Amino acid sequence: MNDFPIVNVGICGLGTVGQGVWKHISRSRAKLESRLGARLVLKRASVRDLTKKRSVRVAKSRLGDDPMAVAKDPELQIVCELIGGTTLAKDITLAALRMGKTVVSANKALVCEHGPEIFSAARQHGGHYFFEASVAGGIPIIKALREGLVANRFGRIYGILNGTCNYILTRMEREGLSYPIILKEAKALGYAEGNEALDVEGWDTAHKASILTYLAHGTWVPVKSMLVEGITELTQADIQYARENDYAIKLLAVIQRDLKTDALAVSVAPTLLSRAKVLANVNKVYNGVSVTGDVVGETLYIGLGAGQDATASAVISDIVDAIALLLRGNAPLPEPIEQNCPLNKPELIEGSYYFRLDVKDEPGVLAKIASVTSKSKVSIASVQQRPSPRKGAASLILTTHLSNEKAIRATVTNLSRLDAVLTAPLLLRIASFDD
Ligand code: NAP
Ligand code: HSE
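None of these values were measured; they are calculated from a predicted model.

**Q** Is there a simple way to think about the domain arrangement of the protein in this case?
**A** One frequently used descriptor of interface size is the decrease in accessible area upon assembly of the parts. As assigned here, the protein comprises domain 1 (6-137 + 308-327), domain 2 (141-304) and domain 3 (346-430). Look at where the C-alpha atoms of domain 1 and domain 3 centre, and you get two points 49 Å apart.

Written as structure tokens, this is what we have:
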């Protein structure tokens, strides 16, 4: 072992993920080193607050508060960016790549917003950029798409890509709690982003959907071109409807490609998913991804989608790949070539829908609602009336036959304008994925 070549690694950020990486490398160093034929040295790390207590022991001489110094340290071959965000993280990533280093990251926001610039810096300076932990936590979904499924074109990829939201939805369903209470716990468990709105408003899932879209189809889809909705408006009334009708509510990313026209549609929205689907039964902080390829058919991936250990597992797998690349030139397959798939306007996405709205409990209300839906050519499939907590009001739940986002948006706007409608309608998609 003593004559093994040394690979020096630096870690920017020793928070939830960084401490997990430090802990697990320290624990399984001998095993990793003997498999790699290299000495893996955690040379230095940086944090923002040097006085904060850490769950891992890092010698004072190795810990600093200047991530740029880590990124530019000429003795490091690999730099892990585990800070998050898109400003400082971008600067240190580009600084390390411009020195020809390899960067390992878990930062989906950064990959989504600056992927082309980062990949180009890596190519230009002979370094590499690894980001397995950026999507679906511990599930090796990036490896699966890039390598295992390389023979395929992908008609549909859909999945639960945010552990925090799945944890919240599962506990809302099982314990009848409201989302803000559970969110606090998700934060304490290290699942949520520093800015938790990224999780609950759907943006984190959209970042991940954008990365999967690029890997599967070679097209960068910015989140602002997607339909993105979060889980903040869901209540126990929706959970109850789902339970009674054999659905689960999941925040789903859906990436559809029409393999005849190549048109792409990417969306993120809370969705009623039939309990018969495997992913409807993926609960707590687990993520699940269904990838349908034209050669392989449907494949499913399930695993912990957030949290220290699962994410560290993905980061360490990248560090090991990076070392294999440095020592033996085992380069990952190149990124897909830009295919310029045209992006369908979100308004054209088709599906069936669920609305919940509080209305005045008086004669003629249903007729007014029906006149709005018929104006937008939205055909109602079912109507249920339930008691509302508001005095003199009723809660209505409508489901529709096949429609599209444009018609549904018009319906929501016009329903909100009715005097008899007391709350903005809550909208869910109803998944209709064939087996
Ligand atoms: P975190 O717990 O907030 O840790 C961030 C680390 O970066 C902390 O050590 C913090 O220092 C340091 N840092 C933040 N701002 C800094 C600054 N201005 N200068 C120097 N250091 C700074 O975050 P995390 O949960 O580990 O997430 C890290 C990355 O992994 C993010 O991109 C996140 O999206 C991604 N990710 C997280 C998970 C998860 O389950 N948590 C899963 C997958 C991917 P202090 O400790 O001193 O504050
Ligand atoms: N906040 C993210 C989630 C972390 O809950 O899924 C993992 O990317």
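Let us keep going from here.
**Q** Help me out: how do you make sense of the layout of surface pockets in this one?
**A** A probe as big as a water molecule, rolled over the atoms, marks out the empty space that is left. Counted as a void, the largest pocket has a volume near 1,200 Å³. Around the largest pocket sit 50 residues that line it, and L82, I83, G84, E193 and G194 are the ones nearest its centre. Among the elements of the structure, α1 (16-27), α5 (108-125), α7 (163-175), α9 (197-200) and α10 (203-217) are those that each provide at least two residues to the lining of the largest pocket. Looking at the lining of the largest pocket, the element that brings in the most residues is α1, giving four residues. Mapping the lining of the largest pocket onto the domain boundaries places at least three of its residues in each of domain 1 (6-137 + 308-327) and domain 2 (141-304).

**Q** What exactly am I supposed to notice about the environment of P425 here?
**A** Residue placement: P425 occurs in the loop between α14 (405-417) and β17 (426-430). Note: C-alpha distance between P425 and V266 (159 residues apart in sequence) is 23 Å. For P425, the residues in contact, after removing those within four places along its chain, are F355, R356, L357, V412, L415 and S416.

**Q** Explanation requested: the sheet that holds strand β3 (residues 63-64) in the structure shown.
**A** Hydrogen bonds between backbone atoms are what pair the strands of a sheet, whose relative direction is either parallel or antiparallel. The strand order β3-β2-β1-β4-β5-β6 describes an open sheet built from six strands, whose pairing is parallel. Among the strands making up the open sheet, the edge pair consists of β3 and β6 (128-130). Where strand β5 (residues 102-105) lies against β6, three bridges are found, and the strand directions are parallel. What sits directly across from V103, in β6, is Y129.

**Q** Help me understand the site of ligand 1 in this model?
**A** Around ligand 1, 24 residues are found, and the nearest of them are D49, K52, R54, E193 and G307. The separation between an oxygen atom of ligand 1 and a polar main-chain atom of D49 is 2.7 Å. Separating an oxygen atom of ligand 1 from a side-chain N or O atom of K108 is a distance of 3.2 Å. Protein chains shield 84% of the accessible area of ligand 1, which is 900 Å² for the free molecule.

**Q** I keep staring at the site of ligand 2 and nothing clicks. Help me out?
**A** Residues in contact with ligand 2 amount to 13 residues; listed here are only the nearest, K108, G163, T164, Y191 and D199. Here an oxygen atom of ligand 2 sits 3.4 Å away from a polar atom, N or O, in the side chain of N162. Between ligand 2 and Y191, the relevant distance is 2.7 Å, taken from a nitrogen atom to a main-chain nitrogen or oxygen of the residue. Relative to its unbound accessible area of 260 Å², ligand 2 is 93% covered by the protein chains. With respect to the pocket detection grid, ligand 2 is positioned in the largest pocket. Where the shell around ligand 2 is concerned, the elements lending two or more residues are α7 and α10. Classifying every residue of the shell around ligand 2 by side-chain character gives four nonpolar, four polar and five charged.

**Q** Just checking my understanding: could you explain the pattern of salt bridges for this structure?
**A** Should the charged atoms of two oppositely charged side chains come close, the side chains can pair. With the rule as written, the count across this model stands at 21 salt bridges. Taking the shortest distance from any N to any O, the salt bridge between K23 and D309 comes out at 3.0 Å. Taken together, the residues K23 in helix α1 and D309 in helix α12 (residues 308-328) connect sequence positions 286 residues apart. On the basis of relative accessible area, K23 is assigned to the buried category, the value being 19%. A salt bridge links E175 to R171, with the shortest nitrogen-to-oxygen separation between them at 2.8 Å. Of this pair, E175 and R171 both sit in helix α7, four residues apart, which is roughly one turn of the helix. Take E175: its relative accessible area is 44%, and that puts it in the partly exposed class. Residues joined in a network through salt bridges with shared partners are K108, E193, D204 and K208.

What counts and how
Residues numbered from 1 in each chain as written. Chains lettered and ligands numbered in written order. Predicted model: local features only at pLDDT ≥ 70, side-chain atom pairs only at ≥ 80, totals over all residues. Heavy atoms only, no water. Domains from an automatic or database assignment. 1 Å grid on protein atoms, 1.4 Å probe; cavity = no way out; pocket = protein on both sides within 12 Å on 5 of 7 lines; lining within 4 Å. Points joined across faces, edges and corners; volume = space filled by probe spheres on them. Helix = DSSP H or I, 4+ residues; strand = E, 2+ residues; numbered from the N terminus. Contact = heavy atoms within 4.5 Å. Pairing = 2+ DSSP bridges. Near = heavy atom within 4 Å. Polar contact = N/O pair within 3.5 Å; in protein donor to acceptor, adjacent residues only side chain to side chain. Areas by Shrake-Rupley, 256 points an atom, 1.4 Å probe, with all protein chains shown as cover. Sits in = over half its atoms within 2 Å of the grid points. Nonpolar A, V, L, I, M, F, W, Y, C, P; charged D, E, K, R; others polar. Salt bridge = Lys/Arg side-chain N within 4 Å of Asp/Glu carboxyl O. Buried < 20%, exposed > 50% of the residue type's maximum accessible area, 1.4 Å probe, protein only.

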